[in-house]
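# A structural walkthrough
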Amino acid sequence: MRFCTYQLSGEPRLGIVAGQAVVDLRALARRRRLPAAPETMVDLIAEVPTLELRVLAREAAAWVSAGREAVPLSRARLLAPIPRPRKNIVCMGRNYVEHARETGNVPPAVPVFFTKPPTAVVGPDAPVRHHAVTQQLDYEVELVAVIGRRGSNISPERALDYVFGYTVMIDVTARDLQERHAQWFKGKSLDTFAPLGPWIVHRSAVPDPQQLRLSMRVNGETRQQSTTANMIFTVAQLLSVLSAGMTLEPGDLLATGTPEGVAKGMKTPKWLQPGDVMEAEIEGIGVLRNRVIAPR
Ligand code: MN
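Residues numbered from 1 in each chain as written. Predicted model: local features only at pLDDT ≥ 70, side-chain atom pairs only at ≥ 80, totals over all residues. Heavy atoms only, no water.

This paragraph deals with the overall build of the protein chain. Secondary structure summary: the protein chain contains 7 helices and 19 strands in total. Computed over C-alpha atoms, the radius of gyration of the protein chain comes to 19 Å, within 12% of the 19 Å expected from 2.2 N^0.38 for 296 residues, which places it in the range of a compact globule. Summarising its shape, the C-alpha atoms of the protein chain cover approximately 60 × 45 × 30 Å along the three principal directions. By the burial criterion, 55% of the 296 residues in the protein chain qualify as buried. In the protein chain, the proportion of contacts linking residues at least 24 apart, taken out of those at least 6 apart, comes to 75%. Put simply, the protein chain has 36 plus and 29 minus side-chain charges, and the middle of one group is 3 Å from the middle of the other. (Helix = DSSP H or I, 4+ residues; strand = E, 2+ residues; numbered from the N terminus. Rg over C-alpha atoms; globule rule 2.2 N^0.38 Å. Buried < 20%, exposed > 50% of the residue type's maximum accessible area, 1.4 Å probe, protein only. Contact = heavy atoms within 4.5 Å. Lys, Arg positive; Asp, Glu negative; His and termini not counted. Charge placed at Lys NZ, Arg CZ, Asp CG, Glu CD.)

In structure tokens, the structure reads:
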């Protein structure tokens, strides 16, 4: 099951991706006389039971095979699946050994958390701005866990039950700002620095989040290529540590860190330039593509 947010007649709509098409979730629910459908992705995550999601997904597939009204994926204007998260995105620093080493750091003994603000979020194919304030723009492909249930003090054994699904994020980073300000928040948080998407894949379709190949291409050149098996702290461990004494809620986002291959790790860093096209791909989830554009 894949759920997206897309633009239809100038409005953000909730969609189900069925094969190569997007079906308007509310229209489908109305026509099939299904229980009232939610308007936003966070409402869907928080309110719709998995059983009902399955019915909707099945109906959407039947709808598309019957040749009914749907937008071909190739023409759909996808937005970030959660266009405006209610909180900052929680991110993990140095969660892959080789990435920690390439940036001159030792692998951490405990998870290193930082956040990116909701204002940094953009969707698939949206431009990422090369703000004038940085000369060292970098890319990081990351698996994102989308929280499905409210909870705190979650055990690692039960943590994945709290996940609604998974998506992809490019953790765009201004390395010079990241270093200049000591704390990472500023260099990670500029507008457009959190491309998210292309959709959320329900966890039922991702049996093991630690067995996914992930890669980053810049202008078609593979820069990062690894597997989530190389994470130092698993998604389940991260959720457990993060939720200790701290409530997680439906729609919260956890980005799980990036593998080696970033520009900063190169002898002569290939910083992102205006015109560059980033393609972040995670097995079983999809490709998130964003182009870098010039400063204003
Ligand atoms: Mn990162």
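Glancing now at the side chain of K116. Note on placement: K116 falls in strand 7 (residues 112–116). Its relative accessible area of 0% is what places K116 among the buried residues. At 3.1 Å, the side chain of K116 and the backbone oxygen of V172 are in polar contact. For K116, the side chain forms a polar contact with the main-chain oxygen of F193, separated by 3.0 Å. In this view, K116 contacts N88, I89, C91, M169, D171, V172, K188, S189, F193 and A194; residues no more than four positions away in its chain are not counted. (Polar contact = N/O pair within 3.5 Å; in protein donor to acceptor, adjacent residues only side chain to side chain.)

On the surface, a cluster of positive charge is made up of R54, R58, R149, R158 and R203. Tracing the sequence through the fold places R58 in helix 3 (residues 50–65). On the accessibility criterion, R58 (57% relative accessible area) is exposed. (Patch = residues over 30% accessible without salt bridge, like charges linked within 9 Å, V, L, I, M, F, W, Y side chains within 5 Å. Areas by Shrake-Rupley, 256 points an atom, 1.4 Å probe, with all protein chains shown as cover. Salt bridge = Lys/Arg side-chain N within 4 Å of Asp/Glu carboxyl O.)

With that settled, consider the coordination of the manganese ion. Distances from the manganese ion to its protein donors, E140 (OE), E142 (OE) and D171 (OD), fall at 2.0 to 2.1 Å. Donor residues for the manganese ion, ordered by position in the chain, follow E-x1-E-x28-D. Of the two residues, E140 sits in the loop between strand 10 (137–138) and strand 11 (141–147) while D171 sits in the loop between strand 12 (163–170) and strand 13 (173–174), which places them 31 residues apart along the sequence. The pair formed by E140 and D171 is uniform in burial state, with each residue classed as buried. (Donors = N, O, S within 2.8 Å, 3.2 Å for Na, K, Ca; no water.)

Along the chain, R31 falls in helix 1 (residues 25–31). Among the residues examined, R31 registers a relative accessible area of 42% and is labelled partly exposed. When residues no more than four places from it in sequence are discounted, the contact partners of R31 are W63 and E69.

Bringing unusual backbone geometry into the picture now. Cis peptide bonds are those with omega within 30 degrees of zero, and the linkage from G197 to P198 qualifies with 5 degrees. Within the secondary structure, P198 is located in strand 14 (residues 194–202). Notably, N153 is not glycine yet its phi reads approximately 50 degrees, a positive angle. Relative to the helices and strands, N153 resides in the loop between strand 11 and strand 12. The class of N153 is exposed, set by a relative accessible area of 57%. Unusually for a residue other than glycine, A182 sits at a positive phi of about 60 degrees.

Counting residues in each nonpolar core, the largest one holds 90 residues, and the members touching the most others are L44 and M278. The contact partners of L44, leaving out residues within four places of it in the chain, are F3, L14, L25, P38, L53 and F164. (Core = buried A, V, L, I, M, F, W, Y, C linked by side-chain atoms within 4.5 Å.)

With that settled, the discussion passes to the pattern of salt bridges. Counted under the stated rule, the structure contains 18 salt bridges. Ionic pairing is found between E279 and R289, a salt bridge with its closest N-O pair at 3.1 Å. Of this pair, E279 sits in strand 18 (residues 277–282) while R289 is found in strand 19 (residues 286–293), placing the two residues 10 residues apart along the sequence. With a relative accessible area of 14%, E279 lands in the buried category. Taken together, the shared-partner salt bridges in this structure form one network comprising K116, D138, E140, D171, R175 and K188.

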